[in-house]
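Tertiary structure, described
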Amino acid sequence: MELSEEWKSFFPVGSSTVAPLLLSSSPSLPLGPLLFNPNPNSLSLIFSSTTLQPSLHYTPCLLPSRFLLSSHPSSILPSTASSITSLFSSTQQNDAASPFLRNRLHLLTYPHRPYALILFPAGDNDHKLSFFTLRFEDSRFHTQLDTNGDVFYASTGSLHRILNISVNPVTDYDEVDGVIGYFLATTLYSVHWFAARHNQILDRPSVVCLGYKMFKTCPVAHACWSPHILEESLVLLESGHLFLFDLECFGSGAGFKGTRLKVPWNDSSESKAWLSCEFSWHPRILVVARSDAVFLVDLRLKECSVNCLMKIEMLRMYAPDENEQFLALSRAAPDNFYFAVASTSVLLLCDVRKPLVPVLQWVHGIEGPSFMSVLRLSDLRSHSKEDNFKVASESGFCIMLGSIWNCEFNIFCYGSILPFRKGSVTSKINPAICAWEVPLEINLSGHECHCGSCLLRKEFTKDALPEWTDWQQKKEIVLGFGILSNKLAALLTEPDENGGFTLIRLTSSGKFELQRYHASWAPARNLEDCPDQVLCLNRHLLYPMSDEDYKFPKNYNYLKLDYLYSYAYGGLTRFLVRKLKRNFQDAHDKEPFSAEVHELLCEKLNACGFGQLRSCPEVTSVFNDVKLPTSLHEVAWRRMWTDLPMELLQLAFLSRAECHKVIGNLDHNRVALESLAVPELPQLPPFFLRKSSPHGNNDIVGPVIPFPVLLVLNKYRNGCSNLEGEFSIETELSLKYKEVMQVAGEIAVSAYGPTHLDDHAVSLAEDRDETWAGYSKPKSFLLYRPVSFNSSAAAADHVREKSVYSDANYDTFISHIPEKKSTEQTESVGQEIFDDLSPVELRFDAPAKKLEPLGLKAYDLLKRQMSKWQQSFDSYKEFCIQSRFEKK
């Protein structure tokens, strides 16, 4: 399908539709490897301290509604409880994980030395600003701490938790003031500005607070630095108010006032949450994100103008969830005209010059994304041995999107294709920007295996935890990370084949780690951390691992499934014959069959017309057991079971006490292998119509031996000792199916005319007064195929012809039609009166009872309602006419 350039961007990458802006690597478009795997040999511990370990064991987040709705009904009216609960609904969202939604680790590279300053919150309530220095010398790194071997601390002047840190490095170093960068720290109601310096005399880092601002009436939503003017920063409150601050106006350690920007939010809604803000291509042009829209704020003129850049309603085609909302915002590349915004389901790359038209879209598949950063591809594929993909690295970009709390991160690569074309000039808006490959996952922990078995084990472990416990409390997770600059990374490692990057991470156990990631063509499996690395079965892995040693004895019971294995690969006959020949001499030593089982099976067979002395029962006798709708497959199985001699039937059915005795011979610890009990309702084996219920040791259970095994034993018992090459179980089953189908066509009336069974047309007479072999009764069986919402013969044939899978053994049903009662008969008050409500005969697995007057009254009401429904349902009326069923 040919699409214009503007329409191509409306088809997201990763959805069920074809994405026209998705490109893959090819000889004409050498993108290079875009997957990044951690190098296990490069993992190094920088610093570790239990005092830096944040507390993840918080009080469970129990909403007020849980207590209000569980209170006494007379204490609070439901409307009052709902109104009170609504007051807390917005503030309770993600409260449990809110301190860990943002990146807790930030790097500030020295502009004049091979040093890096590591910044992170610490303290009992994360109210302190902590830092230390990494020095890179002689292909090694050194950690600079204070004189006590601890990290350095700087105070914000309050005990409020630091929620976010934003770093602003300087490019020109001044030895007079020694400033290497600025950063700001936000709490719930305040913003604090700091300057990071290097003390030349003490040769150590220092952090000085420049000022702060308290917002007493409204929480802080986001704060960011200007990429145009070093000293300027922007603060967004949850009310939508914007403030602009300038570092030149600060007094040392004093509170100060910023400039409130007068922005006319005409469509402001209290139910919508303000998320983030960023500077655009001009110092007075801003991008502000709300949960339902993204706006462009232009402050260049005296009157501020606001334009909508993106609406959440535009994502409904690929994100139909009513709770879809924007969650994260970031400046993007190749220049400041671009920005990236992530919603619950979709990631968008946008251009402020093209409102309401995305440049690119991806379906990200991340639960609750809260972190987003845009990087150059050259920063992720630096320090390579042979730069075969230099053009792609210099022109490509990556969006790293993920969730810190859920430990999920994906990399979304994109770039222009014009640099690959010789003689091209990139001067137009949006110069053919396309997605490079599908989104790829990155493992930031560095020491986890992401194979299928490990992922399944991880999900099962999550489900096993109590509702009030988060799985993040039970394992080590990454709470923050930063990518080391290319210059510093080159001082540590040898060049990679295709380049890579060096990551510094902070874990929940208080460890700082450094690890190298290299660009790869395929994901790597971390065998050192994979429990499935050993190919042989380790029985200790059958039980979930825990932090404490298991204090009780472990007993393992194994099932030998060699019969099932042989049957699955078509060698059951050969396997059983060899077993029988080898063990035939021990057969005479076995105990005789149970008399109780013998009597019960004879009773069941006699009730269905099968005597004990039967050589080859008539096929038509099996249909006497058909009352409820039954597939021909089930009828064929009953026919084959009745062909077995009583000696083999007694092998398949045992008393429950005998089952425990047999299992006890296998192991002194009994295995819980239970079979269903034989029902009291008269029917043929294998007793399809029965329910699962507790039973005692005197009950008969089974079948405990699969029928294919019994079939081979029967042939061997009849003198066919050489069955390995001439007996096929599938052939025997097919012959019985055809026999049952043939008889079914002779004894039953078709609801939809002639029926084709097993590719042979079987004529089913329309006259119900015709008799069938051995009986003088009219035909009392109905043969039909269920068709959803349509019962006409033409429609049924059409469905069968168009069906992807059709098998007459399974989708053809036969049922017994109850005989019409004469009007002269005495009115029945038993269970048989329900026969008038259904075209099939009902069977009750309960003692026969007569209905009392109150029961008859309820039956009359039920019958009127049922008749009303039957008269209004055209498909049912057509079914009754064609099957000759008439209601009284």
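Residues numbered from 1 in each chain as written. Predicted model: local features only at pLDDT ≥ 70, side-chain atom pairs only at ≥ 80, totals over all residues. Heavy atoms only, no water.

Per an unreviewed UniProt entry, the protein chain is named TAF1C beta-propeller domain-containing protein, and its organism is Vigna mungo.

Now for the overall build of the protein chain. Broken down by element type, the protein chain carries 19 helices and 41 strands. Burial statistics for the protein chain: of 888 residues in total, 44% are counted as buried. By element, 53% of the accessible surface of the protein chain is carried by carbon and sulfur atoms, the whole surface being about 48200 Å². (Helix = DSSP H or I, 4+ residues; strand = E, 2+ residues; numbered from the N terminus. Buried < 20%, exposed > 50% of the residue type's maximum accessible area, 1.4 Å probe, protein only. Areas by Shrake-Rupley, 256 points an atom, 1.4 Å probe, with all protein chains shown as cover.)

What follows is about the sheet that holds strand 15 (residues 242-246). Here four strands make up an open sheet; going across it, the order is 13-14-15-17 and the pairing antiparallel. Every other strand in the sheet has two partners, leaving strand 13 (220-225) and strand 17 (259-261) as the edge strands with one partner each. Looking at each pair of strands side by side, their axes are set apart by 25 degrees on average, direction ignored. Relative to strand 14 (residues 232-237), strand 13 runs antiparallel, the two being bridged by five bridges. Each bridged residue has a counterpart across the sheet, and for Ala223 the counterpart in strand 14 is Val235. (Pairing = 2+ DSSP bridges. Axes fitted to C-alpha atoms, helices over the stretch in contact; angles between N-to-C directions.)

Bringing the pairing of strand 23 (residues 338-343) into the picture now. Across the six residues that make up strand 23, a large majority, six, are buried. The alternating pattern of strand 23 places Tyr338, Ala340 and Ala342 on one face and Phe339, Val341 and Ser343 on the opposite face, and all of these are buried. Pairing of strand 22 (residues 326-331) with strand 23 involves five bridges; the strand directions are antiparallel. Across the sheet, Leu329 pairs through a bridge with Val341, a residue of strand 23. In sequence, strand 22 turns back onto strand 23 through a hairpin of six residues. By the bridge criterion, five bridges tie strand 23 to strand 24 (residues 346-351) in an arrangement that is antiparallel. If you follow Phe339 over to strand 24, its bridge partner there is Cys350.

Taken together, the side chains of Leu188, Tyr189, Tyr212 and Met214 present a nonpolar region at the surface, about 330 Å² in accessible area. Take Met214: it is sitting in strand 12 (residues 204-214). (Patch = residues over 30% accessible without salt bridge, like charges linked within 9 Å, V, L, I, M, F, W, Y side chains within 5 Å. Salt bridge = Lys/Arg side-chain N within 4 Å of Asp/Glu carboxyl O.)

One finds Leu349, Trp362, Tyr414 and Ile442 to be the most contacted residues of the largest nonpolar core, which totals 48 residues. In contact with Ile442, other than residues within four places in its own chain, are Phe36, Met400, Phe409, Ile411, Phe501 and Tyr517. Core analysis: the second largest hydrophobic core is formed by 41 residues, Met646, Phe653, Leu710 and Val712 among them. (Core = buried A, V, L, I, M, F, W, Y, C linked by side-chain atoms within 4.5 Å. Contact = heavy atoms within 4.5 Å.)

The next subject is the pattern of salt bridges. Within this structure, the stated rule accounts for 15 salt bridges. Note that Arg505 is salt-bridged to Glu513, the shortest N-O span being 2.8 Å. On the basis of relative accessible area, Arg505 is assigned to the buried category, the value being 0%. Overall, Glu513 belongs to the buried group, its relative accessible area being 5%. Its salt-bridge partner being Glu513, residue Lys511 comes within 3.6 Å of it at the nearest N-O pair. Here the salt bridges share partners, and the residues they tie into one network are Glu476, Arg505, Lys511 and Glu513.

Time to look at the side chain of Ser226. The residue Ser226 is located in the loop between strand 13 and strand 14 in this model. Here Ile229 takes part through its backbone nitrogen, which lies 3.3 Å from a polar atom of the side chain of Ser226. Setting aside chain neighbours within four positions, we find Ser226 in contact with Glu232, Ser233 and Phe279. (Polar contact = N/O pair within 3.5 Å; in protein donor to acceptor, adjacent residues only side chain to side chain.)

The subject of this paragraph is helix 18 (residues 853-872). With 20 residues, helix 18 ought to run about 28 Å at 1.5 Å a step, and its terminal C-alpha atoms sit 29 Å apart, in line with that. Those residues of helix 18 that sit buried are Tyr859, Ser867 and Gln870. Buried residues of helix 18 fall within an arc of 70 degrees about the axis and therefore sit on the same side. Those residues of helix 18 that are exposed and aimed more than 90 degrees away from the buried face are Leu854, Lys857, Arg864, Lys868 and Ser872. (Expected span 1.5 Å × (residues − 1). Arc of directions from axis to C-beta.)

For helix 11 (residues 632-643), with twelve residues, the first-to-last C-alpha span of 17 Å sits near the 16 Å given by 1.5 Å per residue. Counting buried positions over the twelve residues of helix 11 gives ten, a clear majority of the element. Listing the buried residues of helix 11 in full gives Leu632, His633, Val635, Ala636, Trp637, Arg638, Arg639, Met640, Trp641 and Thr642.

Further remarks concern the environment of Thr502. Counting through the fold element by element, Thr502 comes out in strand 32 (residues 500-507). For the pair Thr502 and Gln515, spaced 13 residues apart in sequence, the C-alpha to C-alpha distance is 5.7 Å. Leaving out residues up to four positions away in the same chain, Thr502 has contacts with Gly482, Ile483, Leu484, Ala489, Leu514, Gln515 and Arg516. A polar contact is formed between the side chain of Thr502 and the side chain of Arg516, at a distance of 3.1 Å.

Take the packing of aromatic side chains next. All told, the structure shown has 26 aromatic pairs when counted by the stated rule. Geometrically, the ring pair formed by Phe409 and Phe481 is edge-to-face, given 5.5 Å between the ring centres and 85 degrees between the ring planes. With Phe409 in strand 28 (residues 408-416) and Phe481 in strand 31 (residues 478-483), the pair connects residues that are 72 residues apart, well separated along the chain. When its relative accessible area of 5% is taken as the criterion, Phe481 is described as buried. One aromatic cluster is present, formed by Phe47, Phe120, Phe132 and Phe512 through successive ring pairs. The lysine or arginine in question, Lys213, covers the ring of Phe215, its NZ or CZ lying 5.8 Å from the ring centre. One cation-aromatic arrangement involves Arg290 over Trp274; the distance from NZ or CZ to the ring centre is 5.1 Å. (Phe/Tyr/Trp six-rings, centres within 6.5 Å; stacked < 30°, edge-to-face > 60°. Lys NZ or Arg CZ within 6 Å of the ring centre and 35° of its normal.)

The subject of this paragraph is the state of the cysteines. On inspection of all chains with the given rule, the structure shows zero disulfides. Cysteine Cys277 shares no disulfide, and the gap to the nearest cysteine sulfur, in Cys224, comes to 4.2 Å. For Cys277, a relative accessible area of 0% translates into the label buried. (Disulfide = S-S within 2.5 Å.)

Moving on to the packing of helix 11 against helix 15 (residues 729-747). It is at 9 Å that the axes of helix 11 and helix 15 come closest, and there the two elements cross at 115 degrees. Comparing the axis directions of helix 11 and helix 15 gives the class roughly perpendicular. Regarding helix 11 and helix 15, the two cross each other, and that crossing is right-handed. In this structure, helix 11 uses Leu632, His633, Val635, Ala636, Trp637, Arg639, Met640 and Asp643 to contact helix 15, whose residues at the interface are Leu733, Lys736, Tyr737, Glu739, Val740, Met741 and Ala744. Here the contact of helix 11 with helix 15 is composed, by residue class, of ten nonpolar, one polar and four charged. (Parallel < 35°, antiparallel > 145°, perpendicular 65-115°, else oblique. Left-handed = near helix turned anticlockwise from the far one by under 90°. Nonpolar A, V, L, I, M, F, W, Y, C, P; charged D, E, K, R; others polar.)

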